[in-house]
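What follows is each chain in one-letter form.
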Amino acid sequence: MKMSSAFIPSLALRSPVGRKAGSHLPTRLFSYLSSRLDGLDKPTVWNEFSPLATKHGAINLGQGFPDWEPPEFAVEAFKEALSGGYNQYARSYAHSNLANVLANKYSKRLGLEINSEDMIAAAVGCTNALYCALQGLLDKGDEVILLEPAFDIYDAQVKMAGGVSKFVPLRCNDEATNADDYYTLDMDELEDAISEKTKVLILNTPHNPTGKIFNKDEMLAISRICQKYKNLVVISDEVYEHIIFKGEHLSIASLPGMFERTLTLSSSGKTFSNTGWKVGWAVGPPHLVKAVTAVQQWVNFSTPTPNQEAVARCLVIAEEPYSIDGKTYETYYDYLSNSYKEKRDLLITALESAGIKPIVPNGGFFIIGDTAKIACPDSYLAETTEASPDPMTRDWALSRYMTKEAGVTAIPPSAFYSPETRHLAGNTLRFAYCKSNDTILEAHEKLATFEYEEMI
């Protein structure tokens, strides 16, 4: 049967002899993409700044992943899982051993009995758990409340699920020096954003990119608002739950009346410095967990079994005394928070050496720095890139300037705002301290010798 090349895009786009493959592809090629991807197929902040750091030999304090290996017990747990017969499909909900460990962990935290059979769903990282949850919960046109600055994946996944993001910015209290008090949520503004179309509110605590931890009073206020709306579900992203420097982590699902309407997400990546293992989970009532599993069974079916088995073992070991460098901690989690607090403090000193005012976080991976004292050259403000806003925002231009001239790369927080509120990020940059002490100290040396013009 002879077919017209009009029906075979690859024939119509065949590369002429001597021409580099792909160099001739017409713009119309992108018409083959679903309209759900409109605006999502362009380069992102991540595509720009990591390569830029590499090109200029800069210290990359941008992307949030550790630059060291997982703890030895985690590596051994993975080896044992691989050789221990855990190499076939797990049950779609979750590998039983992981589900049992998580059920025990969250039963204690939430103060109720979590059934491992239908109240736990494993996923390929927290981002996959969120993707499945939104696909399973949203109908076209449903609205999702995002608190800005919001991790950029949230808005993209809402769009891919057919939903509409409604943004509520955290307001800045310039009198405060710590992230918990500096970033405040106006509860009236939050409630004004909720309508009969609102289906989901995404809460992230500890918060990326600010490091803010929502306190109990704030969470109670959020919960009271949510409970006024029968069909409003909270998705709580808690991946930084064990990196807290003062106090204890609080899950909104533990508050009165919230468990039945909350899906709690987390993962192993931040806790065990194994972001490449991609093991995440969702915990909640069966009717919400099913939103994740009903989608996942038709996508990746299950999360890799040896990864889940290794993480199950890690979660048990993490509760035990942990010894390293001649010092013993009550648990691995205690060591983790102590280690990150030391890194945070090193980065605070480094930023201050360059005239950057740190907005001190009480948890997480990141510090927002106030760069108001540093003048950004007009030549950088006049640039445009494939990933940048148009016109380029000050924080984006300043991050490029510091990458090239200071040798230290940060992430512009405007990447975490909607176009209407990008101006709120203008004088700030996000710096990651999930790096070795040596890396942070090297960044300190570069920042301390960075010569810049001060703003008048």
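To be clear, the structure that these remarks concern was listed above.
Caption draft 1: View of unusual backbone geometry. In the segment running from T205 into P206, the intervening peptide bond is cis, with an omega of -10°. Note on placement: P206 falls in the loop between β7 (198-204) and α9 (216-226). Cis geometry marks the peptide bond from N208 to P209; its omega dihedral reads 20°. Structurally, the position occupied by P209 is in the loop between β7 and α9. Even without glycine at this site, S273 takes up a positive phi of about 55°. Position of S273 among the secondary structure elements: in the loop between α10 (269-272) and β10 (280-283). Relative accessible area serves as the criterion here: at 7%, S273 is assigned to the buried category. Positioned with a positive phi, K278 is a non-glycine residue whose angle comes to about 55°. Position of K278 among the secondary structure elements: in the loop between α10 and β10.

Caption draft 2: Spatial organisation of empty space enclosed by the protein. Tallied over the full model, the rule gives one cavity of 30 Å³ or more. By volume, the largest cavity amounts to about 60 Å³. As for the largest cavity, its lining consists of L146, L147, P149, A150, F151, Y154, I202, L203, N204, H207, N208 and F214. Put simply, the parts of the chain that give the lining of the largest cavity at least two residues each are β3 (143-148) and β7. Considering each element in turn, the lining of the largest cavity owes the most residues, three residues, to β7. Residues belonging to the lining of the largest cavity are distributed by class as follows: nine nonpolar, three polar and no charged.

Conventions used here
- Residues numbered from 1 in each chain as written.
- Predicted model: local features only at pLDDT ≥ 70, side-chain atom pairs only at ≥ 80, totals over all residues.
- Heavy atoms only, no water.
- Helix = DSSP H or I, 4+ residues; strand = E, 2+ residues; numbered from the N terminus.
- Buried < 20%, exposed > 50% of the residue type's maximum accessible area, 1.4 Å probe, protein only.
- 1 Å grid on protein atoms, 1.4 Å probe; cavity = no way out; pocket = protein on both sides within 12 Å on 5 of 7 lines; lining within 4 Å.
- Points joined across faces, edges and corners; volume = space filled by probe spheres on them.
- Nonpolar A, V, L, I, M, F, W, Y, C, P; charged D, E, K, R; others polar.

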